[in-house]
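Chain by chain, the residues:
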Amino acid sequence: MSSIIQLLPDHVANQIAAGEVVQRPASVVKELLENAVDAKATDIKLIIKDAGKSLVQVIDNGSGMSVTDARLCFERHATSKIRQAEDLFSLHTKGFRGEALASIAAIAHMEMKTKQDQEELGTHIVIEGSKFVSQEVAVLPVGTSFAVKNLFFNIPARRNFLKSDTVEFRHVMDEFQRVALAHANIHFTFYHNGSEMFNLPPSSFRQRVVGIFAGKTNEKLVPVNEETEIVAIKGFVSKPEFAKKSRGEQFFFVNDRFIKSSYLHHAVMAAYDGILKDGAQPSYFLYLSVPPNTIDINIHPTKTEIKFDDEQALYAILRASIKHSLGQFNVAPVLDFDRDANLDTPYHYKDLEGETPTIQVDGTYNPFTDDKTNKHYSNAGSSFSSGSSSGSSGSNSYSSYKKPEPTASWESLYVGLEQDAEEVGMMSFENEEVTSSLFNDNEIEQTVHKTYQIHKKYIVSPIKSGMVIVDQQRAHQRILYEQFLHNMTVNQASSQQLLFPLNLFYSSTDLEIIKELQLSLVNTGFVFESSSEDHIVISGIPVNSTESEVSLVIEQLLSDLQEGIPESSFSQNDTIAKSMAKSMAVKTGSYLTEKEQDNLVNGLFACKDPNISPFQKPTFITMRVEDIDKKFAL
């Protein structure tokens, strides 16, 4: 029989490898930025167009490549990072597989310009789908420039599965933030469609965090610093009151490499145990330095997963160090039953020195004089010394003190009360029985309480065939959902104006999403006054919301749109209506008055689809009298 196993051509193998390495434009950004960092660059520029679909360009001032290296770097498994298998256990670079450039070149039009410092001329290479188009000598600055154009031009199925520009831009932004946070000593610049998004000069780690997330990030951070034989931890965690619904601002770096670890995340959440609201997520930016031989990075091509030798010890140290920092900066509550809060020294008195008390002496005072009870020294607040006051008795001014005249005793308040009571008893009033009722008492229909709340969760209302049991939270979600959807699609909702506008601070990524949704939010009742680089100003809110709920509603909305804004306007409005209904609906455990219960039940059955909530859960169930009779028949 003939042989059927064949070696795949290089361009086919590269396309297969690209499926794991390059999933979207953000993957290209990650690989090229990490290569620039490995080249010891001090200035890195990222330029993208159309969220990276048309162009991803990374320019650095690193070491550059020779002519041979420039051609060889596009071959599979060609790398300058490692030489032998043992090097995998002492990695100090971002990349080591040698697959990224070959994979990117297989599915895009790629252009590379590179020059070393000691060379007079550089190399200019153009590749299209793994095929070398040209290689020329060119006059170039020191460093390397990679331009990736028309990503997935030869894989249309993969290109069609890319999300909208807004979603892809968010992923690119995430990758840029991860690399920029890991290397605060490098100058990063980020341009999108010709506009500058970030310009981050070399700085400290704290300044880099504030530079990326802007707003009032600086006042939210609590420093963490711990060094042990197993791991050295440094970085920042956020104060509990600034916790958010979403998990956006959570970063772990191990040996300057961003990683994802649910196990370490659980350690952070354990340190916040008891001081966070339900569902709240703290922000953290944590650097872990461990010996390279104690970790295994070669788990996945994206290199965001790491295996540790001693995860349990790492968990305990991370949890203890964060808990220590929260307690050290008086963020976590302290239980001390022997401490009296009244004896605590206020902060503004902490550094003050004690003053010598002044002595007040009245040299003319004589305890044996008869008029001592009728005299009062007028300027008692002045300070005198015994020597200066002894001879100045004639100049001291006194004011006479009058003893208050005795007032009448409390019994005088009741003098003549008996006589007044007799007069009142003799007065005649109009008889109340003159105004008779139009109906007899037995004809008046007594108002019956029609709804009942059970366990602050369900509302029971009787009907002809039995009773209906309504889930108050799901019912309110359905009512609000249809109301918001109607406002966004048919007519704009009315809003209540705020006396003092709200200033809400967000990161640049969140502000981009809010701008995309601004028209839909205005239709629901929000009024935006202005916006800047780090905050928005809201002067009006929906009628059925409160001022304290606004930040929570927008936070929940950003969390629900974490995966991106839907492209069609209807699905976008639907997502917003669902998110706002979930945030603003009455919660389980809330007490409702009789009128609120009636309004909720009536509002539910006035909906177009009262049977299910916006999240496809039943809103009510009915129990017939026959069903109840069967229960008793048992």
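About the cut-offs
Residues numbered from 1 in each chain as written. Predicted model: local features only at pLDDT ≥ 70, side-chain atom pairs only at ≥ 80, totals over all residues. Heavy atoms only, no water. Buried < 20%, exposed > 50% of the residue type's maximum accessible area, 1.4 Å probe, protein only. Helix = DSSP H or I, 4+ residues; strand = E, 2+ residues; numbered from the N terminus. Arc of directions from axis to C-beta. Phe/Tyr/Trp six-rings, centres within 6.5 Å; stacked < 30°, edge-to-face > 60°. Lys NZ or Arg CZ within 6 Å of the ring centre and 35° of its normal. Pairing = 2+ DSSP bridges. Axes fitted to C-alpha atoms, helices over the stretch in contact; angles between N-to-C directions. Contact = heavy atoms within 4.5 Å. Polar contact = N/O pair within 3.5 Å; in protein donor to acceptor, adjacent residues only side chain to side chain. Patch = residues over 30% accessible without salt bridge, like charges linked within 9 Å, V, L, I, M, F, W, Y side chains within 5 Å. Areas by Shrake-Rupley, 256 points an atom, 1.4 Å probe, with all protein chains shown as cover. Salt bridge = Lys/Arg side-chain N within 4 Å of Asp/Glu carboxyl O. Parallel < 35°, antiparallel > 145°, perpendicular 65-115°, else oblique. Left-handed = near helix turned anticlockwise from the far one by under 90°. Nonpolar A, V, L, I, M, F, W, Y, C, P; charged D, E, K, R; others polar. pLDDT = per-residue confidence, 0-100.

## So, helix 7 (residues 205-213)
Listing the buried residues of helix 7 in full gives F205, R208, V209, I212 and F213. Each buried residue of helix 7 lies within a common arc of 110° when the element is viewed along its axis, so the set occupies one face. A214, located one to two residues past helix 7, shows a positive phi value of around 50°.

## Thoughts on the packing of aromatic side chains
In this structure the tally under the stated criterion is 20 aromatic pairs. An aromatic cluster of at least three residues, connected via ring pairs, comprises F205, F213, F236, F251, F253, F258, F285 and Y287. A cation over a ring is seen here: R71 above F132, with NZ or CZ 3.7 Å from the ring centre. If you follow K234 out to its NZ or CZ, it ends over the ring of Y287, 5.8 Å from the centre.

## Thoughts on the sheet that holds strand 3 (residues 109-115)
Sheet strands pair via backbone hydrogen bonds, and the direction of the pair is either parallel or antiparallel. Reading across the sheet, the eight strands line up as 5-4-3-6-2-1-7-8 and stay open at both edges, with mixed pairing between neighbours. Each having just a single partner strand, strand 5 (131-138) and strand 8 (195-200) make up the two edges of the open sheet. Taken over all neighbouring pairs, the strand axes of this sheet differ in orientation by 10° on average, direction set aside. Note that strand 4 (residues 122-128) and strand 5 share seven bridges and pair antiparallel. Counted as the bridge partner of I125 is Q135 from strand 5. Against the sheet, helix 2 (residues 25-38) contacts strand 1 (43-49), strand 2 (55-60), strand 6 (143-149) and strand 7 (187-192), and its axis sits at roughly 10° relative to strand 2.

## Quick look at the side chain of H124
Tracing the sequence through the fold places H124 in strand 4. In this structure the side chain of H124 is engaged in a polar contact, spanning 2.8 Å, whose partner is the side chain of E111. Filtering out sequence-adjacent residues up to four positions away, H124 remains in contact with E111, M112, K113, S134, Q135, E136 and A138.

## Considerations on a nonpolar patch on the surface
Judged by side-chain polarity, L121, V137 and V139 come together as a nonpolar surface patch covering roughly 320 Å² of accessible area. Owing to a relative accessible area of 61%, V137 belongs among the exposed residues under this scheme.

## With respect to the pattern of salt bridges
The tally for this structure, following the rule as stated, stands at twelve salt bridges. In this structure, the salt-bridge partner of K30 is E34, at a minimum N-O distance of 3.3 Å. Residue K30 and its partner E34 are both found in helix 2; the two are separated by four residues, about one turn of the helix. Side by side, K30 and E34 carry an identical accessibility label, which is buried. Across the pair K149 and E111 runs a salt bridge whose closest N-O atoms are separated by 3.5 Å. Here K149, found in strand 6, pairs with E111, found in strand 3; they are 38 residues apart in sequence, far enough to count as distant. Through salt bridges with shared partners, a single ionic network connects K30, E31 and E34.

## With respect to the packing of helix 13 (residues 472-489) against helix 14 (residues 508-524)
The geometry of helix 13 relative to helix 14 is characterised by a closest axis approach of 8 Å and an angle of 115° between their N-to-C directions. On the basis of their axis angle, the class for helix 13 and helix 14 is roughly perpendicular. You can see that helix 13 and helix 14 cross each other, and the crossing is right-handed. Facing helix 13, whose interface residues are F484, N487 and M488, helix 14 presents S520, N523 and T524. Classifying every residue of the contact of helix 13 with helix 14 gives two nonpolar, four polar and no charged.

## Some remarks on the confidence of the model for the chain
Looking at the chain as a whole, its pLDDT mean stands at 79, while 75% of the residues score no less than 70. Within the model, the stretch residues 372-401 combines pLDDT values under 50 with 30 contacts to residues more than four positions away or in other chains. pLDDT under 50 marks residues 434-447. Its contacts with residues more than four places away, or in other chains, come to zero contacts.

## Section: the sheet that holds strand 24 (residues 620-624)
The strand order across the open sheet formed by four strands is 18-19-20-24, and the pairing between neighbours is antiparallel. Lying at the two open borders of the sheet, with one neighbouring strand each, are strand 18 (452-454) and strand 24. Taking each pair of neighbouring strands and ignoring which way they run, the sheet shows an average axis angle of 25°. In this structure, strand 20 (residues 466-471) lies alongside strand 24, joined through five bridges in antiparallel fashion. Bridge pairing in strand 24 places I469 opposite I621. In the packing of helix 18 (residues 625-633) onto the sheet, the strands contacted are strand 20 and strand 24, and the crossing angle to strand 24 comes to about 65°.

## What to know about the packing of helix 2 against helix 6 (residues 165-182)
Two numbers describe how helix 2 lies on helix 6: the axes approach to 8 Å, and their chain directions differ by 20°. Classified by the angle their axes make, helix 2 and helix 6 are roughly parallel. Relative to helix 6, helix 2 is oriented so that their crossing is right-handed. Residues P25, A26, V29, K30, L33 and V37 of helix 2 form the contact with helix 6, whose participating residues are E168, H171, V172, E175, F176 and V179.

## Quick look at the environment of D309
You can see D309 is positioned in the loop between strand 15 (307-308) and helix 10 (311-328). Linking D309 and I295, residues 14 residues apart in sequence, is a C-alpha distance of 6.2 Å. Beyond its immediate stretch of four places on either side in the chain, D309 contacts N293 and T294.

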